[in-house]
Amino acid sequence: MQTIHKVIQYAYLFIAVFFIYESVRWWNEDNGKAIMLLVFAILAVGMYFFKKHFRKKMNNNQ
């Protein structure tokens, strides 16, 4: 079970990289969409660090 949590944690980083790529691709066509994708990328990175912190906290309690 611990391994799946780690995979999900790194999936957030993959999603963030994808959103950044898509944001750069859309920048000249639709700035609103590009900015929205950057916000989602920031949220995904935040979720990565939240999950990492929470997983560490749970490991220390066990």
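See the structure above.
Per chain, the residues get numbers from 1 upward, laid out in the order the sequence is written. Confidence filtering applies because this is a predicted model: local features only for residues at pLDDT of at least 70, side-chain atom pairs given and counted only at 80 or more, and all residues used for totals across whole chains, interfaces and linings. The side-chain values count all of the structure's non-hydrogen atoms but skip hydrogen atoms and water molecules.

**Student:** Is there a simple way to think about helix 1 (residues 2–26) in this case?
**Tutor:** Residues three or four positions apart in an α-helix share a direction because the helix packs 3.6 residues into each turn. Its 25 residues give helix 1 an end-to-end C-alpha distance of 37 Å, which sits within 8% of 36 Å, the value for a rise of 1.5 Å per residue. For the exposure calls, accessible area comes from a 1.4 Å probe over protein chains only, and a residue counts as buried if that area is under 20% of its type's maximum, exposed if over 50%, partly exposed in between. Strands here mean DSSP runs of E at least two residues long; helices mean DSSP runs of H or I at least four residues long; both are numbered from the N terminus. For helix 1, the full list of buried residues reads Gln9, Ala16, Phe19, Glu22 and Ser23. The contact criterion used is simple: two residues touch if any of their non-hydrogen atoms lie within 4.5 Å. Tucked inside the fold, the buried residues of helix 1 contact helix 2 (31–61). By this rule the span expected of a helix is its residue count minus one, scaled by 1.5 Å.

**Student:** When you look at the packing of aromatic side chains in this model, what are you seeing that I'm missing?
**Tutor:** The description of two aromatic rings rests on the distance between their centres and on the angle between their planes. Only centres within 6.5 Å qualify two rings of Phe, Tyr or Trp (six-membered ring in Trp) as a pair; their planes then separate them into stacked at under 30 degrees, edge-to-face at over 60, and tilted for everything else. One pass over the full model with this rule turns up five aromatic pairs. Judged by centre distance (6.1 Å) and plane angle (45°), the ring pair of Phe18 and Phe19 falls under tilted. Residue class for Phe18 comes out partly exposed when judged on its relative accessible area of 42%. Relative to Phe49, the ring of Tyr48 has its centre 5.0 Å away and its plane inclined at 70°; by these criteria the two rings are edge-to-face. You can call Tyr48 buried: its relative accessible area is 7%. Members of the aromatic cluster, each reached through a chain of ring pairs, are Tyr10, Tyr48 and Phe49.

**Student:** How should the side chain of Ser23 be read in this particular structure?
**Tutor:** Counting through the fold element by element, Ser23 comes out in helix 1. In protein, a polar contact means a hydrogen-donor-capable atom and an acceptor-capable atom, both N or O and within 3.5 Å, with residues adjacent in sequence counting only if both atoms are side-chain atoms; elsewhere, any N or O pair within 3.5 Å suffices. For Ser23, the side chain forms a polar contact with the main-chain oxygen of Ala34, separated by 2.9 Å. Every residue in contact with Ser23, bar those within four places of it in the chain, is listed here: Ala34, Leu37 and Leu38.

**Student:** What should I look at first to understand the layout of surface pockets in this one?
**Tutor:** Take a probe with the size of a water molecule and roll it over the atoms, and the empty space left behind shows itself. The pocket and cavity definitions rest on a 1 Å grid over protein atoms only: a 1.4 Å probe that fits but cannot leave marks a cavity, an open set with protein on both sides within 12 Å along at least five of seven lines marks a pocket, and residues lining either have an atom within 4 Å of a point. Grid points are joined across faces, edges and corners, and a volume is the space filled by probe spheres set on the points. Of the pockets and cavities examined, the largest pocket occupies roughly 240 Å³. Along its surface, the largest pocket is lined by Gln2, His5, Ile8, Gln9, Lys51, Phe54, Arg55, Met58, Asn59 and Gln62. With five residues, the top contributor of residues to the lining of the largest pocket is helix 2. Three categories are distinguished: nonpolar for Ala, Val, Leu, Ile, Met, Phe, Trp, Tyr, Cys and Pro, charged for Asp, Glu, Lys and Arg, and polar for the others, with Gly belonging to the last. For the lining of the largest pocket, the per-class residue count stands at three nonpolar, five polar and two charged.

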